[in-house]
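As a plain string of letters, each chain reads:
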Amino acid sequence: MSRAECMDALWQAGWYRHARTLASPNFGPRPAGTDISLIVVHSISLPPGEFAGEQVQALFTNTLDWDAHPYFDAIRGLEVSAHFYIRRDGALWQFVSCDERAWHAGPSCFQGRANCNDYSVGIELEGLEGGPFEPAQYESLATLCAALGQRYPIAAVAGHEHIAPGRKFDPGPGFDWTRLRQALGWKASAFPATGHVG
């Protein structure tokens, strides 16, 4: 099988065949001619620290019951998305085609280049900001990053904390950047120089 055939087997219009699909309405077109060169790692749990349920999926599809938990009042009306979401058990969900612009980074800058949503893929890990992540999540994340690197001209991986310092702090000190780098075998310069090691 040729490389092109392999890519066609893994990807269809930016959708990854090994992910469970749940389309979000929160996306838009990338600027014309934009290379998808950055992966941004986030962490999320709703409510914070609770890992059961489908609240994250509901948030990304604008179906969250804002009255179901007191915390949800603080994010009431928020319209966001990520391309991918990795559960604690490693299960992978996709909400937006990687060919499209998801709404995950907000005001951001990477290596002097603003508006990271334009040229990045956002991956949310189910977890508490600063807390540890599960082996199954690292395995799923590494596999996904490798597939993204084969499909798109990915040059770097960063945390939300690195592209929006002072505003965002995820995934935080519980995330092991060395573990991800070793699993991928990518050059060290593709990862945050000041990345936290769990």
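Residues numbered from 1 in each chain as written. Predicted model: local features only at pLDDT ≥ 70, side-chain atom pairs only at ≥ 80, totals over all residues. Heavy atoms only, no water.

(A) Summary view of the layout of surface pockets. Each pocket or cavity is described by its volume, and for the largest pocket that value is around 600 Å³. For the largest pocket, the lining is made up of 27 residues, of which Ser43, Ile44, Leu78, Glu124 and Lys168 are closest to its centre. For the lining of the largest pocket, the elements supplying multiple residues, two or more each, are β5 (38-44) and α2 (55-60). Here the lining of the largest pocket takes three residues from β5, the largest share from any one element. (1 Å grid on protein atoms, 1.4 Å probe; cavity = no way out; pocket = protein on both sides within 12 Å on 5 of 7 lines; lining within 4 Å. Points joined across faces, edges and corners; volume = space filled by probe spheres on them. Helix = DSSP H or I, 4+ residues; strand = E, 2+ residues; numbered from the N terminus.)

(B) Representation of the pattern of salt bridges within the structure. For the coordinates displayed, the defined rule picks out six salt bridges. Across the pair Glu126 and Arg87 runs a salt bridge, and its minimum N-O distance is 3.0 Å. Of this pair, Glu126 sits in strand β11 (residues 120-126) while Arg87 sits in the loop between β6 (84-86) and β7 (92-94), and the two are 39 residues apart along the sequence. Looking at Arg87, the relative accessible area reads 10%, which means it is buried. Among the charged side chains, a salt-bridge network with shared partners connects Glu54, Arg87 and Glu126. (Salt bridge = Lys/Arg side-chain N within 4 Å of Asp/Glu carboxyl O. Buried < 20%, exposed > 50% of the residue type's maximum accessible area, 1.4 Å probe, protein only.)

(C) Examining the side chain of Arg30 more closely. Note on placement: Arg30 falls in the loop between β4 (27-29) and β5. The side chain of Arg30 sits in the buried core without any salt bridge; Asp99 is the nearest counter-charge, 6.3 Å away. Within the structure, the side chain of Arg30 is placed 3.3 Å from the backbone oxygen of Asn117, a separation counted as a polar contact. Not counting residues within four places of it along the chain, the set of residues in contact with Arg30 comprises Ile36, His83, Cys98, Asp99, Glu100, Arg101, Asn117, Asp118, Tyr119, Ser120 and Val121. (Lys, Arg positive; Asp, Glu negative; His and termini not counted. Polar contact = N/O pair within 3.5 Å; in protein donor to acceptor, adjacent residues only side chain to side chain. Contact = heavy atoms within 4.5 Å.)

(D) Region of the structure containing the side chain of His160. Along the chain, His160 falls in helix α4 (residues 160-163). The exposure class of His160 is buried, given its relative accessible area of 4%. The residues contacting His160, other than those within four sequence positions of it, are Val40, Val41, His42, His104, Ala105, Arg167, Lys168, Asp170 and Pro171.

(E) Region of interest: the sheet that holds β7. One open sheet holds the six strands; their spatial order is β3-β7-β6-β11-β5-β12, and the pairing between them is mixed. Each end of this open sheet is capped by a strand with a single partner; those strands are β3 (20-21) and β12 (156-159). Two strands pair when backbone bridges link them, and β5 and β12 are joined in this way by four bridges, in the parallel orientation. What sits directly across from Val40, in β12, is Ala158. Relative to β11, helix α3 (residues 135-151) is tilted by about 170 degrees, and along the sheet it contacts β5, β6, β7 and β11. (Pairing = 2+ DSSP bridges. Axes fitted to C-alpha atoms, helices over the stretch in contact; angles between N-to-C directions.)

(F) Here's a closer look at the pairing of β5. In terms of burial, β5 is largely enclosed, as seven of its seven residues are buried. With burial as the criterion, each face of β5 is covered, one bearing Leu38, Val40, His42 and Ile44 and the other bearing Ile39, Val41 and Ser43. Of the strand pairs in this sheet, β5 and β11 are connected by seven bridges, and their pairing is parallel. Each residue of the ladder has a partner; that of Ile44, found in β11, is Glu126.

(G) Summary view of unusual backbone geometry. Cis geometry is found at the peptide bond from Leu46 to Pro47, where omega equals -15 degrees. With respect to the helices, strands and loops of the structure, Pro47 is situated in the loop between β5 and α2. Look at the link from Asp170 to Pro171: it is a cis peptide, with omega at 5 degrees. Along the chain, Pro171 turns up in the loop between α4 and α5 (177-184).

(H) Spotlight on the environment of Arg30. Arg30 sits in the buried class, given a relative accessible area of 10%. Sequence spacing of Arg30 and Ala102 is 72 residues, and the spatial spacing of their C-alpha atoms is 8.9 Å. At a separation of 3.1 Å, a polar atom in the side chain of Arg30 contacts the main-chain carbonyl oxygen of Glu100. A distance of 3.0 Å separates the side chain of Arg30 from the backbone oxygen of Asp118, its partner in a polar contact.

No statement about biological role is implied by the geometric values presented.
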